[in-house]
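Survey of secondary and tertiary structure
Chain by chain, the residues run as shown.
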Amino acid sequence: MKADIDLDIGRKTFASGLLPELIAVLRRSRPGDLVALASEDESIGPGLETWCRFTGNSLLEVTVEKGRARWVFRCGALPVSPAGNRPVGSRLWLYTNFDCNLHCDYCCVRSSPVAPRRELGLARVQQIAHEAPGLGVKEIFVTGGEPFLLENIGEILAACAVAAPTTVLTNGMLFTGRRAESLRALPRDRIVLQISLDSATPKLHDLHRGPGTWARAREGIKRARSLGFRVRLAATVSTDAEAEEFRQFLDEEKIAAEDRVIRRIALRGAASEGVAVTRADLVPEVTITAEGVYWHPVGAADADLLVTHEIFPLSEAFAAVRRAFDREGEHVNKLARIFNCA
């Protein structure tokens, strides 16, 4: 992981001058900066992790190579999301597949035309949809990969829509032929199409997703609306300036506030830069893939966000996520009590 600041501390420890070094680096860094700490002494790891938690910095990565350890932490915490008030388990994500017709350079799960499909499968989706309402699921989000590569995507979405209002994330480029027929059979009041459009003009969108993809996405949006579907537009951006430019575009297009999604690139998967996020930064949103149950969709291919390989019974999978969330809270509370000085 690339850092903004690199610090080589040799064999210093918390008992021999490391703490002043850390304080100094915090003073010259900005919120969100990534700091890499290289050391010849791996034993400082537990102490560094505790220091990060005490000081509100997030430890993102630990690597050891040729007898030297490297830790990367982010200065400061991410802003708290309004999603923090959403009950754990009320929003359910399903990764139907991981193959895609595009090769986006920031994809958080490394989807591409050559990625293995790793299909969740209709039978498992149907079982999940059957059990989900009894567990408090209020929304289902279907994503990939590109879900519309699946021949049975219509059956998958129909099963989800019976269980809860369903949003399917798509690049919008495959709404033709049998896929268009699948769409026509779906309930318009239970299915929303969230189509990726990263910029107001082709320049940035095509830079990340491939030449000609902006025009094809616009055509997909038009076709989805002609079929009577509610369409939500979702942009993944690198900077505040890109976000503001896209907001102006959405204003001109008269897109309602509830049909806008603007998010920053996450430093996960294929991305070489973006916002670095850890489990502690993310309010859990139960996410199911063919490999198991994950903490959040942004890391649904990463071992650090895997909660359990067991999907069923679904009630136990949900309970495992809630237990993990409770443990995170308990750890924070313990640290707070240890440093309650008055």
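If you're wondering where the values come from, they're calculated on a predicted model, not measured in any experiment.

Next up on the list: the environment of Glu 273. Its location among the elements puts Glu 273 in the loop between strand 10 (260-264) and strand 11 (287-289). Look at Glu 273 and you get exposed, because its relative accessible area is 58%. Each C-alpha atom of the pair Glu 273 and Glu 291 lies 26 Å from the other, and the pair is 18 residues apart in sequence. Residues contacting Glu 273, with those up to four places away along its chain left out, are Ile 265 and Leu 267.

Another aspect to go through is the pattern of salt bridges. Between side chains of opposite charge, a pair can form when the charged atoms approach closely. Inspection of every chain in the model, using the stated rule, returns 24 salt bridges. With a shortest N-O distance of 3.6 Å, Asp 33 and Arg 30 are connected by a salt bridge. Residue Asp 33 is classed as buried on the basis of its relative accessible area, which comes to 9%. By relative accessible area, Arg 30 is classed as exposed at 59%. Residue Asp 240 is joined to Arg 264 by a salt bridge in which the shortest nitrogen-to-oxygen separation is 2.8 Å. Of this pair, Asp 240 sits in helix 8 (residues 240-252) while Arg 264 is found in strand 10, placing the two residues 24 residues apart along the sequence. For Asp 240, a relative accessible area of 60% corresponds to the exposed category. The class for Arg 264 is partly exposed, based on a relative accessible area of 38%. What emerges from the salt-bridge pattern is a single network uniting Asp 8, Arg 11, Glu 40 and Arg 68.

In this section: the sheet that holds strand 2 (residues 34-39). Strand order in this open sheet of four strands is 1-2-4-3, and the pairing throughout is mixed. The sheet is open, and its two edges are formed by strand 1 (5-8) and strand 3 (58-65), each paired on a single side. Taking the axes of each pair of neighbouring strands and ignoring which way they run, one obtains an average angle of 15 degrees across the sheet. The sheet contact formed by strand 3 and strand 4 (residues 68-74) spans seven bridges and is antiparallel. The partner of Thr 63 across the bridge, within strand 4, is Arg 70. Against the sheet, helix 2 (residues 45-55) touches strand 2, strand 3 and strand 4, its axis set at about 5 degrees to strand 4.

Taken residue by residue, helix 6 (residues 202-209) has His 205, Asp 206, His 208 and Arg 209 as its buried positions. Down the axis of helix 6, the sector holding all buried residues measures 165 degrees, keeping them to one side. Turned more than 90 degrees away from the buried face of helix 6 sit Lys 203 and Leu 207, all of them exposed. Once helix 6 finishes, Gly 210 follows within two positions and takes phi at roughly 120 degrees, a positive value.

With respect to the helices and strands, Asn 152 occurs in the loop between strand 6 (139-143) and helix 4 (153-163). For Asn 152, a relative accessible area of 18% translates into the label buried. Excluding residues within four positions of it along the chain, Asn 152 makes contact with Glu 119 and Leu 122.

The next point concerns the packing of helix 3 (residues 122-131) against helix 4. At a minimum axis separation of 9 Å, helix 3 and helix 4 run at an interaxial angle of 5 degrees. Here helix 3 is positioned roughly parallel relative to helix 4, judged by the angle of their axes. Across the interface between the two elements, Leu 122, Val 125, Gln 126 and Ala 129 of helix 3 pack against Glu 155, Ile 156, Ala 159, Cys 160 and Ala 163 of helix 4.

Calculation notes
Residues numbered from 1 in each chain as written. Predicted model: local features only at pLDDT ≥ 70, side-chain atom pairs only at ≥ 80, totals over all residues. Heavy atoms only, no water. Helix = DSSP H or I, 4+ residues; strand = E, 2+ residues; numbered from the N terminus. Buried < 20%, exposed > 50% of the residue type's maximum accessible area, 1.4 Å probe, protein only. Contact = heavy atoms within 4.5 Å. Salt bridge = Lys/Arg side-chain N within 4 Å of Asp/Glu carboxyl O. Pairing = 2+ DSSP bridges. Axes fitted to C-alpha atoms, helices over the stretch in contact; angles between N-to-C directions. Arc of directions from axis to C-beta. Parallel < 35°, antiparallel > 145°, perpendicular 65-115°, else oblique.

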